[in-house]
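Coordinate inspection notes
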Amino acid sequence: MTELRRRHLLVLPSVALVAGCSSAGPRFAGWTQAREAVRELLLTPQTVQGNPWNLPQVLQHLAQSIEYSMQGYPVLKAAWFRSTLGSVAFAVFDARGAMNHPLDEPIPGAPALEAQLGLKAGVDRLLAAMDRFAAHSGPLQPHFAYGELSKPQYQRAHLMHLANHWQQFQALRATA
């Protein structure tokens, strides 16, 4: 049995567990809807629940992910991981239409997220990254965990990533 086949056999039971996880939460049907949700953050103040990052830090993290899909991630997981566990994880998320990942986990090798960045700057950076990705016609870089993705696959990954983080946002209640 080849090493690659052996790895796939080891991965299948864990994939079955991941596939069974609940994926309730927001979903973005497309780039336009996601952009509107990002802009809405300026009009409806939100807080981040269950994460040490504040809202601008989460927006920076989301922008980094999109930017790195075009320029290259600072650190990649091993090739064997990307071609087995990583690609299988993306396939499961894609089939479910939702992603689950640790929401306070930085992108490997990415610069620290600026805690003092203002909300408008965070929104602007994320929208600019989304615009650059939409207009990008060159080659895309391998995802640090999922490996090679086509532009439609990357867009779907980004939309699922955004939606996964949106689960932790909660509107601030006005105090009287």
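Everything below is about the structure shown above.
Every chain is numbered independently, its residues counted from 1 as its sequence is written. At least 70 in pLDDT is required for a residue's local features to be given in this predicted model, at least 80 for side-chain atom pairs to be given and counted, and no such filter applies to totals for whole chains, interfaces and linings, which use all residues. Hydrogen atoms and water are omitted, and side-chain values are computed over all heavy atoms in the structure.

Bringing the side chain of His143 into the picture now. Secondary structure is summarised from DSSP: a helix means a run of H or I of at least four residues, a strand means a run of E of at least two, and numbering begins at the N terminus for each. Checked against the element boundaries, His143 lands in the loop between helix 5 (119-135) and helix 6 (151-166). Partly exposed describes any residue whose relative accessible area lies between the buried limit of under 20% and the exposed limit of over 50%, with all areas from a 1.4 Å probe on protein chains only and scaled to the type maximum. Among the residues examined, His143 registers a relative accessible area of 8% and is labelled buried. Contacts described as polar in this section are N or O atom pairs within 3.5 Å, which, within protein, must combine one atom able to donate a hydrogen with one able to accept it, while residues neighboring in sequence count only if both atoms come from side chains. At 2.9 Å, the side chain of His143 and the backbone nitrogen of Ala145 are in polar contact. A polar contact is formed between the side chain of His143 and the backbone nitrogen of Tyr146, at a distance of 3.0 Å. Setting aside anything within four residues of it in sequence, one finds His143 in contact with Tyr73, Leu76, Arg82, Leu149 and Tyr154. Contacts: residue pairs with any heavy atoms within 4.5 Å of one another.

Note that Asn54 resides in the loop between strand 1 (46-48) and helix 3 (55-71). What makes Asn54 partly exposed here is its relative accessible area of 27%. Each C-alpha atom of the pair Asn54 and Leu113 lies 9.6 Å from the other, and the pair is 59 residues apart in sequence. Ignoring any residue separated from it by four or fewer positions in sequence, one finds Asn54 in contact with Val48 and Ala115.

Now for the environment of Leu149. By secondary structure assignment, the location of Leu149 is in the loop between helix 5 and helix 6. Residues Leu149 and Ser87, spaced 62 residues apart in sequence, show a C-alpha to C-alpha distance of 9.1 Å. When neighbours within four sequence positions are excluded, Leu149 is seen to be in contact with Phe90, Leu140, His143, Tyr154 and Ala157.

Angular values range over 0 to 180 degrees, each being the angle between N-to-C directions of two axes fitted as lines to C-alpha atoms, with helices fitted over their stretch in contact. Look at helix 3 against helix 5: their axes get within 8 Å of each other, and the N-to-C directions meet at 20°. When the interaxial angle is binned, helix 3 and helix 5 end up roughly parallel. Crossing handedness for the pair helix 3 and helix 5: left-handed. Contacts between helix 3 and helix 5 involve Leu55, Pro56, Leu59, Gln60, Leu62, Ala63, Gln64, Ile66, Glu67, Ser69 and Met70 from the first element and Leu119, Gly122, Val123, Arg125, Leu126, Ala129, Met130, Arg132 and Phe133 from the second. Ten residues, namely Ala, Val, Leu, Ile, Met, Phe, Trp, Tyr, Cys and Pro, are considered nonpolar, four, namely Asp, Glu, Lys and Arg, are considered charged, and the remaining ones, Gly among them, are considered polar. For the contact of helix 3 with helix 5, the class distribution of residues is 13 nonpolar, four polar and three charged. For classification, angles of less than 35 degrees are called roughly parallel, those exceeding 145 degrees roughly antiparallel, those between 65 and 115 degrees roughly perpendicular, and all remaining angles oblique. Each crossing gets its handedness from the near helix: less than a right angle anticlockwise from the far helix is left-handed, clockwise is right-handed.

On to the packing of helix 2 (residues 31-40) against helix 5, then. Packed helix pairs are specified by the crossing angle of their axes together with the interaxial distance, meaning the distance between the axes. With their axes 10 Å apart at the nearest point, helix 2 and helix 5 run at an angle of 165° to one another. The angle between helix 2 and helix 5 falls in the class roughly antiparallel. Regarding helix 2 and helix 5, the two cross each other, and that crossing is left-handed. In contact with Trp31, Ala34, Arg35, Val38 and Arg39 of helix 2, helix 5 contributes Val123, Leu126, Leu127, Met130, Asp131, Phe133 and Ala134.

Here the idea is simple: oppositely charged side chains can pair when their charged atoms come close. Definition used for salt bridges: Asp or Glu carboxyl oxygen within 4 Å of a side-chain nitrogen of Lys or Arg. Summed over the entire model, instances satisfying the criterion amount to five salt bridges. In this structure, Arg35 engages Asp131 in a salt bridge whose closest nitrogen and oxygen atoms are separated by 2.8 Å. Of the two residues, Arg35 sits in helix 2 while Asp131 sits in helix 5, which places them 96 residues apart along the sequence. Accessibility expressed as a relative area gives 18% for Arg35, which makes it buried. Where Lys120 meets Asp124, a salt bridge forms, and the shortest distance between an N and an O atom there is 2.8 Å. Placement of both Lys120 and Asp124 in helix 5 is noted, with a separation of four residues, approximately one turn of the helix. Classification of Lys120 by relative accessible area gives exposed; the value is 51%. For Asp124, a relative accessible area of 36% translates into the label partly exposed. A single salt-bridge network, built from bridges that share partners, covers Glu67, Arg125 and Arg132.

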